[in-house]
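# Coordinates in review
The lines below spell out each chain.
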Amino acid sequence: MLKMIISSKELSSQEEVLQELKKEGISITQATLSRYLKQLRVAKASSMNGSYVYVLPNETMYKRVSKPLSAKEMMSSSGYYSINCSGNMVVIKTRPGYASALAYNIDNLHLPEIIGTIAGDDTIFIVLSEDANRERFIKKIKVEDDVDE
C-alpha cells in the first residue's frame, strides 16, 4: 500500500504520507512509517516543481501517474500493463508494486509450462519450458493482450 501511495502521489513529508494511509484505512505511528520508509529504501528527490518528494528506489526517471488513483482503486484492478514473449522467455509489465503479487498468483497456478518466475517492482520475468505453447500459456494465466513475437 505504501509503495502504491508513494508512486502515485507527490508527498513531501511523513505527515502527508500518514494522512494518505489514513484515507485508505491504515493507521500507523510516525515511528513505524519511518521504519517502513527505511526498509523500502524510499528517498527524497526533486520534483518538477522544485520541491522534494518521496520516491521509490527503482524509479530511475522520476515518474508519476497523471491522474492518481486511490490505493483501494489500484488494488481493485489487476495492475497488469503488458506481456511480451521471445522464445521461451516472457516479460510481464505491471504498475509499480504489483509484480510480486501477480507473480505469486501465477506461481500458485502450478503450470507445468513454467520453469521459473522472478518478480521485481513492476516487471515479472518468466521462463517457459522448451515445448510450451505461448498462446496457451497466456490464456491459462488469463492475460488478454497481443503477444509480440
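Just so it is clear, the model here is predicted, and its values are computed rather than measured.

## Considerations on the sheet that holds strand β5 (residues 114-119)
Pairing between sheet strands relies on hydrogen bonds along the backbone, with the strands arranged either parallel or antiparallel. Strand order in the open sheet made by the four strands is β3-β4-β6-β5, with antiparallel pairing throughout. The two strands at the open ends of the sheet, each matched to only one other strand, are β3 (80-86) and β5. Averaged over neighbouring strand pairs, the angle between their axes works out to 15° when direction is ignored. Both strand β4 (residues 89-94) and strand β6 (residues 123-128) contribute to a ladder of five bridges, which runs antiparallel. Opposite Val-91, over in β6, you have Phe-125 as the bridge partner.

## Details of the pairing of β4
Of the two faces of β4, only the one carrying Val-90, Ile-92 and Thr-94 is buried; Met-89, Val-91 and Lys-93 on the other face are not. What sits between the antiparallel neighbours β3 and β4 is a turn of two residues, in which Gly-87 has the positive phi angle 60°.

## Focus on the environment of Ile-124
Along the polypeptide, Ile-124 turns up in strand β6. Each C-alpha atom of the pair Ile-124 and Lys-93 lies 6.5 Å from the other, and the pair is 31 residues apart in sequence. Residues contacting Ile-124, with those up to four places away along its chain left out, are Val-90, Val-91, Ile-92, Thr-94, Ala-99, Leu-102, Ala-103, Ile-106, Thr-117, Ile-118 and Ala-119.

## Details of the nonpolar core
By size, the foremost hydrophobic cluster in this structure holds 17 residues, and its most contacted members are Val-90, Ile-92, Ile-124, Ile-126 and Phe-137. Put simply, the parts of the chain that give this core at least two residues each are β3, β4, α5 (99-107), β6 and α6 (134-140). By residue number, the principal contributor to this core is α5, which donates four residues. Each residue touching Ile-126, except ones within four places of it in the same chain, is listed here: Asn-88, Met-89, Val-90, Ile-92, Ile-106, Ile-114, Gly-116, Thr-117 and Phe-137. Formed by twelve residues, the second largest nonpolar core is a distinct cluster that contains Leu-2, Val-17, Leu-21 and Leu-56.

## A short note on the packing of helix α2 (residues 14-23) against helix α3 (residues 30-39)
Interaxial distance between α2 and α3 falls to 10 Å at its minimum, and their mutual angle equals 100°. On the basis of their axis angle, the class for α2 and α3 is roughly perpendicular. In this structure, α2 contributes Gln-14, Val-17, Leu-18 and Leu-21 to the contact, and α3 contributes Gln-30, Leu-33, Ser-34 and Leu-37.

Basis of the calculations
- Residues numbered from 1 in each chain as written.
- Predicted model: local features only at pLDDT ≥ 70, side-chain atom pairs only at ≥ 80, totals over all residues.
- Heavy atoms only, no water.
- Pairing = 2+ DSSP bridges.
- Helix = DSSP H or I, 4+ residues; strand = E, 2+ residues; numbered from the N terminus.
- Axes fitted to C-alpha atoms, helices over the stretch in contact; angles between N-to-C directions.
- Buried < 20%, exposed > 50% of the residue type's maximum accessible area, 1.4 Å probe, protein only.
- Contact = heavy atoms within 4.5 Å.
- Core = buried A, V, L, I, M, F, W, Y, C linked by side-chain atoms within 4.5 Å.
- Parallel < 35°, antiparallel > 145°, perpendicular 65-115°, else oblique.

What is shown is where atoms sit, not what they do.
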